[in-house]
Amino acid sequence: MIFYDGGAAPNARRVRVFLSEKNIDIPIKSIDIMKGDHKKDDYKKISPLSQVPALELDDGTFITESIAICRYIEALNPEPNLFGVSPIEIAQIEMWQRRLELLLMVPISSVFRHGHPAMAHLEKQVPEWSDANKPRVLNFFKWLDNQLEGKHFICLDRYTVADTTAFTCFEFAKWPKIFIPDELQNLKDYEKRLSERPSSKA
Ligand SMILES: N[C@@H](CCC(=O)N[C@@H](CS)C(=O)NCC(=O)O)C(=O)O
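Remember, predicted model here, so these are calculated numbers, not experimental data.

Visitor: Account for the sheet that holds strand S4 (residues 62–64), naming residues and giving values.
Guide: Taken in spatial order, the four strands line up as S2-S1-S3-S4 in an open sheet, and their pairing is mixed. The outermost strands of the open sheet, each flanked by one partner alone, are strand S2 (28–30) and S4. Taken over all neighbouring pairs, the strand axes of this sheet differ in orientation by 20° on average, direction set aside. Relative to strand S3 (residues 54–56), strand S1 (residues 2–5) runs antiparallel, the two being bridged by three bridges. Counted as the bridge partner of Phe3 is Leu55 from S3. The sheet contacts of helix H1 (residues 10–22) involve S1 and S2, and relative to S1 the element is tilted by about 140°. Here helix H3 (residues 66–76) sits on the sheet and contacts S1, S3 and S4; the angle it forms with S4, its principal contact strand, is near 125°.

What counts, and at which threshold
Counting of residues starts from 1 at the beginning of each chain's written sequence and follows it residue by residue. Per-residue local features of the predicted model are confined to residues with pLDDT of at least 70, and side-chain atom pairs are confined, for both listing and counting, to 80 or more; whole-chain, interface and lining totals are unaffected and use all residues. For the side-chain quantities, the full set of heavy atoms in the structure was used; hydrogens and water were omitted. Each pair of strands is called paired provided DSSP finds at least two bridges between the two strands. By the criteria applied, helices consist of DSSP H or I runs no shorter than four residues and strands consist of E runs no shorter than two, each listed in order from the N terminus. Here an axis means a line fitted to C-alpha atoms, over the contact stretch when the element is a helix, while the angle between two N-to-C directions is reported on a 0 to 180 degree scale. Note on contacts: a residue pair qualifies if any of its non-hydrogen atoms lie within 4.5 Å across the two residues.

Shown next as structure tokens:
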């Protein structure tokens, strides 16, 4: 297998953190999206939407979509389980994944991609869309802080892929300088717990 990595890009990081939680090493090829590596014809054969990350299997099959890659890895390596075992665990993890991706990662991405000069070559920027999304991120942080009352992890009483996604979102939010407000103590403690895990270095 070869993992086509995107460096700091959040969805690539999400897979690296996941792999680290699983204790799995896969040879990496780096794709630099700031240099436009992902738009080159060779890479389009791997990822037709020109996105990172991607996984190449030994038979030449490619998997794009970070969570599809994680699911494949989990199917091959069931332990530690990060996608749930019982029907209710699987449903709850999926529920949190959807919430975090749609209501947190997408707004963070909108703030960054539409507001940061470095993104101008990748996005037809609408600065008002960046401004409109910043309060959405902060409102979600506030909601999340309430949800975390009395909880160690976001979803189950053990670490799951939803925590990988949450951690990746907190890291990504720092790019457009959105930080968890000090008064959101549950959320700050949760972020600290995640950032103290060895996988946070991935
Ligand atoms: N849903 C996809 C999203 C992948 C994605 O958005 N990748 C970004 C980096 S995090 C990318 O490749 N962007 C390239 C571009 O915008 O041109 C996944 O989870 O893998």
